[in-house]
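As a plain string of letters, each chain reads:
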Amino acid sequence: MHIVYADADGKLYDSERLQAAGRTAGDITELTGEEWIALPEGATIVSLPGTRALGVHPVTGKLTALPENYTAVGALLPQGFTRLYLPAYFRPSASEPLPLFGYSAVGFENGQFYVAAYQSDDPVPWDPLQYQNLDVAAKVGDLQQRFPQNRLYQHLETCALYYECVTSRNTFFARGEGAIPVSPTCNAGCVGCISEQEADSGFPSPQTRLTIRPTVDEMVELMVEHLASAGPNAIISFGQGCEGEPSMRGREIADAIRRTRQIIQVGYININTNAGNTRNIKQIVDSGLDLMRISTISALADHYDVYYRPRGYSVSDVEESARYAAQHEVIVSLNYLVFPGITDTVEEMDAITQFILRTGVKLIQLRNLNIDPDYYLARVPRRSKPVGMLEFMNQIKTRCPDVRLGSYTHPGTWYGVGRPAPTTR
Ligand code: SF4
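The rules we used
- Residues numbered from 1 in each chain as written.
- Predicted model: local features only at pLDDT ≥ 70, side-chain atom pairs only at ≥ 80, totals over all residues.
- Heavy atoms only, no water.
- Salt bridge = Lys/Arg side-chain N within 4 Å of Asp/Glu carboxyl O.
- Helix = DSSP H or I, 4+ residues; strand = E, 2+ residues; numbered from the N terminus.
- Buried < 20%, exposed > 50% of the residue type's maximum accessible area, 1.4 Å probe, protein only.
- Arc of directions from axis to C-beta.
- Contact = heavy atoms within 4.5 Å.
- Pairing = 2+ DSSP bridges.
- Near = heavy atom within 4 Å.
- Nonpolar A, V, L, I, M, F, W, Y, C, P; charged D, E, K, R; others polar.
- Domains from an automatic or database assignment.
- Buried area = accessible area lost by both parts, 1.4 Å probe.
- Phe/Tyr/Trp six-rings, centres within 6.5 Å; stacked < 30°, edge-to-face > 60°.

**Examining the pattern of salt bridges**
Per the counting criterion, the structure on display carries 22 salt bridges. For D350, the salt bridge goes to R399, with nearest N and O atoms at 2.8 Å. Taken together, the residues D350 in helix 9 (residues 346–359) and R399 in helix 11 (residues 389–399) connect sequence positions 49 residues apart. In this structure D350 comes out as partly exposed when scored by relative accessible area, which is 33%. On the basis of relative accessible area, R399 is assigned to the partly exposed category, the value being 32%. What emerges from the salt-bridge pattern is a single network uniting R213, R249, R251, E252, D255 and R258.

Encoded structure:
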């Protein structure tokens, strides 16, 4: 597998002089055949400014750096694919952190680009290219005309046209999982937050945080519209990349869910949450929630706190929220932020499998952590030697036979669970 690198203009090259390598936390290694897959549709390859590419000499096996006028590259993967290795590089001198993306190792062979990844779910529903030949602006205009007073459709215009966010576009095209962002505030300060970054973080947040506080009427209008028009497996999701923590608006969301279920009983209501505010989460669950996706990076407080910087809650509150939801007919999944060399260590695997078994989580959505690897590694607690991401997945399957691995939220039917008969809880 040939090394791939880029020049200062970002032009890509490959060379048989060095074998492509991958990195897990601090270690650089050559990959086995099964750890490479053909670069999937919708993936992009980017150059990594400030880095020097590293490869393995095919004869000596020695780790070798390319000349300094070339940089390493990384692949950005679409939903459905889990990164197994980071790109192999070092930084000759201090440089700005890379933007908030999940970089994967790249190789080239027989005219084809390869990436160190594993297909963990069906990529089709989340294929970013599904909208490229469609008139998104016209669809946005249609719904804004039908609901001129609803500020949610005005806010989602930016998401659909500029961020090309799939859930916001699904909302305008009445497909699959739709978006309902409602909260400008958050009870955490994630290092890699994509909607709000501290001025001195060194990397901008890719999205601008929501500034409006949608009313319960606006929420109900959008929820009913999406659940009525996007088919029996429609999902409407609170907790989008462009907002803070939705459960900060627990009472209003609970009202909106109850009122929506009085009007329509099909589809699924989901919340993407850090689940730290257990009192509000219980309110939302009791109002008739169907699905909950809890975002986390570790079941260990030292790691969790370093990344989430929680305000007024702890990882044990997250566990209590998960257990309560699972005990009250909500299908709970984890949005597990994974990173080769940390996630696949004994400490992290033991902790997350115990968390899963204690709470009744049904799905692990493997989310490639979007952050500069060196920036992150400089902040997380040291862990023992990693076993590899493929072995990590095998361990989860073995230790938690009732949990599934995937990459995004699925409707109840995917678990063989139809929507419960309409009841008031
Ligand atoms: S929980 Fe979400 S909104 Fe809050 S800081 Fe973390 S990523 Fe940002």
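**A word on helix 6 (residues 278–286)**
Those residues of helix 6 not exposed but buried are T278, N280, I281, I284 and V285. Burial along helix 6 is one-sided: seen end-on, the buried residues are contained in an arc of 160°. Of the surrounding secondary structure, the elements contacted by the buried residues of helix 6 are helix 5 (250–263), strand 19 (268–273), strand 20 (291–296) and helix 8 (315–327).

**Some words on the sheet that holds strand 6 (residues 44–48)**
Pairing in this open sheet of three strands is antiparallel, and the strands run 6-9-13 from one edge to the other. Pairing within the sheet leaves two strands with one partner each, and these edge strands are strand 6 and strand 13 (103–104). The pairing of strand 9 (residues 72–76) with strand 13 spans two bridges and is antiparallel. Following the sheet pairing, A75 is matched in strand 13 by S104.

**Quick look at the site of the ligand**
Surveying the vicinity of the ligand reveals the residues C186, A188, G189, C190, C193, R209, E243, G244 and N274. Broken down by class, the residue content of the shell around the ligand amounts to four nonpolar, three polar and two charged.

**Considering the domain arrangement of the chain**
If you check the domain split of the chain, you get domain 1 (2–119) and domain 2 (125–415). Of the residues lining the interface, 28 residues belong to domain 1; the matching set on domain 2 comes to 35 residues. Taken over both partners, the interface formed by domain 1 and domain 2 buries close to 2,600 Å², and the fraction arising from carbon and sulfur atoms is 59%. For the pair domain 1 and domain 2, the interface holds four salt bridges. The closest approach of N and O atoms between D374 and R23, which form a salt bridge, is 2.6 Å. Looking at the side of domain 1 that touches domain 2, the elements that each hand over two or more residues are strand 3 (21–24) and strand 10 (81–83). Looking at the side of domain 1 that touches domain 2 residue by residue, the class counts come to 14 nonpolar, six polar and eight charged.

**Observations concerning unusual backbone geometry**
Outside of glycine, negative phi angles account for most residues, and trans bonds account for most peptide bonds. Positive phi, close to 45°, is recorded for A25, a residue that is not glycine. On the secondary structure map, A25 appears in the loop between strand 3 and strand 4 (27–30). For A25, a relative accessible area of 11% corresponds to the buried category. At A275, a position not held by glycine, the phi torsion is positive, near 55°. As for its placement among the helices and strands, A275 is situated in the loop between strand 19 and helix 6.

**Some details on the packing of aromatic side chains**
All chains considered together, the criterion is met by 16 aromatic pairs. On the basis of an interplanar angle of 65° and a centroid distance of 6.0 Å, the ring pair of Y13 and Y70 is categorised as edge-to-face. With Y13 in strand 2 (residues 12–19) and Y70 in the loop between strand 8 (63–65) and strand 9, the pair connects residues that are 57 residues apart, well separated along the chain. The exposure class assigned to Y70 is partly exposed, which follows from its relative accessible area of 23%. Aromatic pair Y307 and Y308: ring centres 5.4 Å apart, planes at 70°, arrangement edge-to-face. Using a relative accessible area of 5% as the deciding quantity, one classes Y307 as buried. Judged by relative accessible area, which is 2%, Y308 ranks as buried.

**Here's the deal with the pairing of strand 15 (residues 112–115)**
Bridge analysis of strand 5 (residues 37–38) against strand 15 gives two bridges, and the strand direction is antiparallel. By the bridge assignment, I37 is partnered in strand 15 with V115. In the sheet, strand 14 (residues 106–109) pairs with strand 15 via four bridges, with the strands oriented antiparallel. When the bridges of strand 15 are listed, F108 appears paired with F113. Linking strand 14 to strand 15, which pair antiparallel, is a turn of two residues; within it N110 sits at a positive phi near 50°.

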